[in-house]
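# Descriptive structure summary
As a plain string of letters, each chain reads:
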Amino acid sequence: MDAHSSAKINARKRRKEAPGPNGATEEDGIPSKVQRYGVGLRQPAPFSDEIEVDLSKPYVRVTMEEARKGTPCERPVRVYADGIFDLFHSGHARALMQAKNLFPNTYLIVGVCSDELTHNFKGFTVMNENERYDAVQHCRYVDEVVRNAPWTLTPEFLAEHRVRNWASDTWPSFPLLGMFAPTQRTEGISTSDIITRIVRDYDVYARRNLQRGYTAKELNVSFINEKKYHLQERVDKVKKKVKDVEEKSKEFVQKVEEKSIDLIQKWEEKSREFIGSFLEMFGPEGALKHMLKEGKGRMLQAISPKQSPSSSPTRERSPSPSFRWPFSGKTSPPSSPANLSRHKAAAYDISEDEED
C-alpha cells in the first residue's frame, strides 16, 4: 500500500474518532466549537415576559470553568447586559457583541430601561421606550429583551432570570460574587456625541428638514428663522451655480491651453519640416540651382553650331555656268562689249543666288 492511500485511511479514521468539528482533536490545539443557542440571528429577539419558563426543573448555575470550556447546546450560559440604548448605534452593538462572545455558548439577555426611569435618573431621550425596545430586538447578538429593566440590579432579579454573568462597562455598586464581566466602550461614538453634533449644526439640519417638507411648526422654528433659512438656501444655490461655472470655465481654459500647446508643438514640427524642404529646394546648394545649371548647359549646347574639323579639305567653288534660255536653240550672236559686261554681271548674280 502506498503512502497516499494510507494517509487517506488514517484521515477517515480520524474523522470518525475525533470529537471536534472537521476531525479536530485536543492534540491539534484547535478548540472545539459549540453551536450557539438562540433565535436572534433569524428573527427579532423575544421579550422575556412572552417566554414560557419551565419552573419545575431547578436551575443549577454552571461554573466558570464549565462556561469557558463550553456547555451543551440546550444549556447555554445566560449573560445579562442592560442600558438605555437611545439612538442605537455601533457602540451599543459592539458592547453587546462583547457580551455575546464571553463564552462559546452564550444566551444574551438585554434589559432596556423605561422612559420613566431614564427621565428621572438620566434625562430626556430622543427615542421613546418602544422604539428603543424595537431597536435592541433587531440586534443580531441579542437572544432576549427585558422591558422596564431595573435601574439597579438586585440578586433577586438575577436569580429570576437565571443570570450567570452580568456584562457592563461600569463597575457594579455591590459585589456580584464573581458574576461581573467587564466590557470596553467604543471610543468616538456615543448617544451624547450624536446629540452634540445635531445641536452644534442645528441650522444645517433645520434647513435640511425644511427642504424635505417639514413645516416650521413641526421643527419649532420661528417665522423669521424660517425666512432666513429659505434665503440662505437660495444664496447657497447661487453660490453652488457660480462655483460650478467657475469649475467648468477652469476645465475649458485648461482644455484650450492643452490644445493650444499641442497646436504649437505641431506647428513647430511642421515649420521645421517646411524650412528644411525650402532649403533643400531653394538653398545655395539646393535642387533648383542644379536644375538651372543643367538647363543652361543644355540650352548653350543646343544653340552653339558644331565646328568642322580643321584637317578636312577645303571645298573649291566651281564656276557657275552662264545662263541660257531654254527656248533658244541657237547661240546668240556676239554682243558688244557693253552688253558683254552686263551679261557677265547678270550671270554672276544668278550664280550667287543659286549658291545662296
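Structure report, in brief. (Residues numbered from 1 in each chain as written. Predicted model: local features only at pLDDT ≥ 70, side-chain atom pairs only at ≥ 80, totals over all residues. Heavy atoms only, no water.)

## Observations concerning the packing of aromatic side chains
Keep this limit in mind: Note on ring pairs: Phe, Tyr and Trp rings are taken, using the six-membered ring of Trp, and paired if centres are within 6.5 Å. Classes follow the plane angle, with under 30 degrees stacked, over 60 edge-to-face and the rest tilted. Helix and strand definitions here come from DSSP, where helices need a minimum of 4 consecutive H or I residues and strands a minimum of 2 consecutive E residues; each element is numbered from the N-terminal end. Any residue under 20% of the maximum accessible area for its type is buried, any over 50% is exposed, and the rest in between are partly exposed; the area is computed with a 1.4 Å probe on protein chains only. Charge over a ring is defined by NZ of Lys or CZ of Arg lying within 6 Å of the ring centre and within 35 degrees of the ring normal.
In this structure the tally under the stated criterion is five aromatic pairs. Relative to Tyr133, the ring of Phe47 has its centre 6.3 Å away and its plane inclined at 75°; by these criteria the two rings are edge-to-face. Linking Phe47 in the loop between α1 (3-17) and α2 (64-69) with Tyr133 in helix α5 (residues 129-137), this pair joins segments that are 86 residues apart in sequence. Phe47 sits in the buried class, given a relative accessible area of 10%. Assessed through its relative accessible area of 5%, Tyr133 is described here as buried. On the numbers, 6.1 Å between centres and 35° between planes, the contact of Phe85 with Phe88 is tilted. We classify Phe85 as buried; its relative accessible area is 7%. Lying across the ring of Phe47, Arg147 places its NZ or CZ 3.8 Å from the centre.

## Quick notes on a nonpolar patch on the surface
Short version of the rule: Distance thresholds for patches are 9 Å for like charges and 5 Å for nonpolar side chains (Val, Leu, Ile, Met, Phe, Trp, Tyr), applied to residues having over 30% relative accessible area and no salt bridge. All accessible-area figures derive from a Shrake-Rupley calculation using a 1.4 Å probe, and residue coverage is judged against the displayed protein chains alone. Each salt bridge in this description consists of a side-chain nitrogen of Lys or Arg and a carboxyl oxygen of Asp or Glu lying within 4 Å of one another.
A surface patch of nonpolar side chains, amounting to about 930 Å² of accessible area, comprises Phe274, Ile275, Phe278, Leu279, Met281, Phe282, Leu288, Met291 and Leu292. Broken down by secondary-structure element, the contributors of at least two residues to the nonpolar patch are α9 (223-282) and α10 (287-303). The leading source of residues in the nonpolar patch is α9, at six residues. You can see Leu279 is positioned in helix α9.

## Overview of the nonpolar core
Applied cut-off: We call a set of buried residues a nonpolar core when its members are Ala, Val, Leu, Ile, Met, Phe, Trp, Tyr or Cys and they connect through side-chain atoms within 4.5 Å of each other.
Grouped together as the largest cluster of nonpolar side chains are 21 residues, with contacts concentrated most on Val79, Leu96, Leu108, Val110, Val136, Val142 and Val145. Elements with a contribution of two residues or more to this core: β1 (77-83), α3 (90-100), β2 (106-112) and α5. Tyr80, Tyr107, Leu153 and Phe157 belong to the second largest nonpolar core, which has 12 residues in total.

## Examining a negative patch on the surface
Note the cut-off: Positive charge is attributed to Lys and Arg, negative charge to Asp and Glu, and no charge count is given to His or to the chain ends. Charged groups are reduced to one reference atom each: NZ for lysine, CZ for arginine, CG for aspartic acid, CD for glutamic acid.
Taken together, Asp244, Glu246, Glu247 and Glu251 make up a surface patch of like negative charges. Relative to the assigned elements, Glu247 resides in helix α9. Of the residues examined, Glu247 reaches a relative accessible area of 40% and is grouped as partly exposed.

## What about the sheet that holds strand β3 (residues 144-147)?
Short version of the rule: DSSP bridges decide pairing: two strands pair if at least two such bridges lie between them. Lines fitted to the C-alpha atoms define the axes, with helices restricted to the stretch that makes contact. Angles between their N-to-C directions range from 0 to 180 degrees.
Across the sheet, five strands lie side by side as β3-β2-β1-β4-β5; this open sheet has parallel pairing. The outermost strands of the open sheet, each flanked by one partner alone, are β3 and β5 (180-182). Recorded for the sheet is a direction-independent mean angle of 30° between the axes of neighbouring strands. Where β2 and β3 come together, four bridges link them in parallel fashion. The partner of Ile109 across the bridge, within β3, is Glu144.

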